[in-house]
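# Structure assessment
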2 protein chains.
Amino acid sequence: MHGKLQRKTGHLLNAEPLADFKVGVDNVIFSVDTDQNRLLVLLVMRHDAPYCGCWSLPGTLVRQGESLEDAAYRVLSEKIRVNNLYLEQLYTFGGPDRDPREEEDSYGVRYLSVSHFALVRFAEAELIADGVSGIAWYPLAQVPTLAFDHAEVLAYGYQRLKNKLEYSPIAFDVLPDIFTLGDLYQLYVTVLGEGFSDYSNFRARLLKLGFLEDTGNKTSRGAGRPASLYRFDADAFELLKDKPMVFI
Amino acid sequence: MHGKLQRKTGHLLNAEPLADFKVGVDNVIFSVDTDQNRLLVLLVMRHDAPYCGCWSLPGTLVRQGESLEDAAYRVLSEKIRVNNLYLEQLYTFGGPDRDPREEEDSYGVRYLSVSHFALVRFAEAELIADGVSGIAWYPLAQVPTLAFDHAEVLAYGYQRLKNKLEYSPIAFDVLPDIFTLGDLYQLYVTVLGEGFSDYSNFRARLLKLGFLEDTGNKTSRGAGRPASLYRFDADAFELLKDKPMVFI
């Protein structure tokens, strides 16, 4: 909800010339290490000014003839080998003064960033070191100071990830094909934190939605009684997906 | 879900020079005429090339020193007088060839559009005719052929509006302060179409969520028995808003 429009400011700015832009894409690439229950984000170390030596989200500038989405896939393919991934546009950050390459006095070329959100399966993702820049999966809690406004972009991406867990089957892009309800619950705890829901409510709600298929097999990991193994039933979900629902 | 990365395409494009951009904002501004139960979108007639004489979403190009959000508010304030409105960023459209001002052979300056979504209260919104360009609230079903890729932008905005009705209190930005549950249901029918939910389920679900306050007053409009008048309790909603929920 916003207040009154600032008409005066608007009309004064009408007199200003148009801004020229370079357009970047920056990717918030999440993964979940399901063995160690850690939420990870992919960072690269910059080796050019500005912010040389600083960690940042992997990004690139859009080239002639290239779409925003192609640019996002290009930077991903340069940093990581992965067969399947989920990628979507996140938010566009384009205010003045967000990049030191734009001098405050000169109002030179501005740098706009169309951020993208991706989630990859940890066990299948192979990082590509190009011999120059550092690259690492950082646990979200240990992310260092980031270049540019990337801390803000990352926070936005993390919020999107949490929201998507509530209403989309994104968790099944991260889990193995066959999993227990305990595995699924642990993934939600890893991303959303303890106390988002108790296990029995979570279990009852997910089973009621009808897109988890009991394989009939059981696991005997751990000390407890054998747990049923499930798989995500994409066809069953397809029938439901236009229906508003929450998973937790 | 996407397939294998197109590494080859990516690497070829690495050799291309960076694209230069102008950045526009285009606003999908919805309103609901609650008297006539019509969903409306604000269109303006272009009086410059390209698409001269064609209807389009109201937009502008971002000026030096101006943020994306300020540009979105500026174009709004030039077209409409309104005290309260809801505005948020929608999606960024930036592929090559989306604007005829970018020649296909030359790969000149590209035009990227950061679209925004707004919802205004129909009775309070006053259109501003500037003496040159046409301006009109179009019922969604009667929208003519639009300039650029604005049909796609509008479709994206309409999907966002429908989604927001499912989980956010955006309806109360549009309704009068005091309303019946029938008024609220009719608003949902106007936007989502008949059959999204039957009235008694809708009524039960909304009341259970606990953010509708019974004013104690009743209306006697129409032939039926007097209907209770409600108001949206923003404080009650504030306590719930981080909890995943669906309204319908």
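Residues numbered from 1 in each chain as written. Chains lettered and ligands numbered in written order. Predicted model: local features only at pLDDT ≥ 70, side-chain atom pairs only at ≥ 80, totals over all residues. Heavy atoms only, no water.

Turning our attention to the pattern of salt bridges. Pairing is possible between side chains of opposite charge, provided their charged atoms come close. All names here are of chain A. Here the structure, examined in full by the defined rule, presents 22 salt bridges over all chains. Salt-bridge contacts for glutamate 78 lead to arginine 74; the nearest nitrogen and oxygen are separated by 3.8 Å. Here glutamate 78 and its partner arginine 74 are both found in helix α2 (residues 68-79), four residues apart, which amounts to about one turn of the helix. Classification of arginine 74 as buried rests on a relative accessible area of 2%. (Salt bridge = Lys/Arg side-chain N within 4 Å of Asp/Glu carboxyl O. Helix = DSSP H or I, 4+ residues; strand = E, 2+ residues; numbered from the N terminus. Buried < 20%, exposed > 50% of the residue type's maximum accessible area, 1.4 Å probe, protein only.)

A few words on the side chain of Ser228(A). Considering the arrangement of structural elements, one finds Ser228(A) in strand β11 (residues 227-232). Beyond its immediate stretch of four places on either side in the chain, Ser228(A) contacts Phe179(A), Thr180(A), Leu181(A), Asp214(A), Asn217(A) and Lys218(A). (Contact = heavy atoms within 4.5 Å.)

The interface of chain B with chain A comprises 57 residues on the first partner and 57 residues on the second. Buried area between chain B and chain A, both sides added, is near 5500 Å², and the carbon and sulfur share of it is 56%. Measuring nitrogen to oxygen at the nearest pair gives 2.4 Å for the salt bridge that ties Asp20(B) to Lys22(A). At the surface where chain B touches chain A, the tally comes to 18 residue pairs in polar contact (both at pLDDT 80 or more). Residue assignment for the side of chain B that touches chain A shows that the elements contributing at least two residues are α1 (7-13), β1 (21-33), α2 (68-79), β6 (85-93) and β7 (110-121) of chain B. (Buried area = accessible area lost by both parts, 1.4 Å probe. Polar contact = N/O pair within 3.5 Å; in protein donor to acceptor, adjacent residues only side chain to side chain.)

Overlaying chain B on chain A yields an RMSD of 0.0 Å, the required transformation being a rotation through 180 degrees with an accompanying axial translation of 0.0 Å. Viewed as a symmetry operation, the transformation between the two copies matches a two-fold axis. Using C-alpha coordinates, one finds that chain B approaches the rotation axis most closely at Phe21(B), a distance of 2.5 Å. Mapped onto chain A, 100% of the interface residues of chain B again fall at the interface, so both copies present the same surface. (Least-squares fit on C-alpha atoms with pLDDT ≥ 70 in both.)

Our next topic: the pairing of strand β2 (residues 38-45) of chain B. All names here are of chain B. With six of eight residues buried, β2 lies mostly within the body of the structure. Strand direction decides the pairing type here: β1 and β2, joined by four bridges, are antiparallel. Of the residues in β2, the one forming a bridge with serine 31 is leucine 40. Where β1 folds back onto β2 in an antiparallel hairpin, the turn is made up of four residues, including asparagine 37, whose phi is positive at roughly 55 degrees. Summarising the sheet, β2 and strand β9 (residues 135-139) pair through five bridges and their orientation is antiparallel. Following the sheet pairing, valine 44 is matched in β9 by isoleucine 135. Note: β2 against strand β3 (residues 55-56), two bridges, orientation antiparallel. (Pairing = 2+ DSSP bridges.)

All names here are of chain A. Partitioning chain A into domains gives domain 1 (18-165) and domain 2 (170-238). Averaged C-alpha coordinates put domain 1 and domain 2 at centres separated by 30 Å. Listed per partner, the contact involves 14 residues of domain 1 and 14 residues of domain 2. Across the interface of domain 1 and domain 2, roughly 1300 Å² is buried in total on both sides, 70% from carbon and sulfur atoms. Here domain 1 is connected to domain 2 by one salt bridge. Among the salt bridges present, the one from aspartate 177 reaches arginine 121, with a minimum N-O distance of 3.7 Å. (Domains from an automatic or database assignment.)

On to a positive patch on the surface. Together, Arg205(A), Lys208(A), Lys243(A), Arg205(B), Lys208(B) and Lys243(B) make up a region of like positive charge exposed at the surface. Elements supplying a minimum of two residues to the positive patch: α5 (199-209) of chain A together with α5 (199-209) of chain B. By secondary structure assignment, the location of Lys208(A) is in helix α5. When its relative accessible area of 75% is taken as the criterion, Lys208(A) is described as exposed. (Patch = residues over 30% accessible without salt bridge, like charges linked within 9 Å, V, L, I, M, F, W, Y side chains within 5 Å. Areas by Shrake-Rupley, 256 points an atom, 1.4 Å probe, with all protein chains shown as cover. Lys, Arg positive; Asp, Glu negative; His and termini not counted. Charge placed at Lys NZ, Arg CZ, Asp CG, Glu CD.)

Our focus in this paragraph is the nonpolar core. In this structure, Phe30(B), Leu184(B), Tyr188(B), Phe211(B), Leu212(B) and Phe247(B) are the most contacted members of the largest nonpolar core, which totals 45 residues. Ranked by residue count, the leading element in this core is helix α4 (residues 181-192) of chain B, at seven residues. A domain split of this core shows at least three residues from each of domain 1 (18-165) and domain 2 (170-238) of chain B. What Leu212(B) contacts, discounting residues up to four positions off in sequence, is Phe172(B), Phe179(B), Leu181(B), Leu184(B), Leu206(B), Leu207(B), Tyr230(B), Arg231(B) and Phe232(B). In terms of nonpolar packing, the next biggest core, distinct from the first, is built from 44 residues, Leu119(A), Leu184(A), Tyr185(A) and Leu212(A) among them. (Core = buried A, V, L, I, M, F, W, Y, C linked by side-chain atoms within 4.5 Å.)

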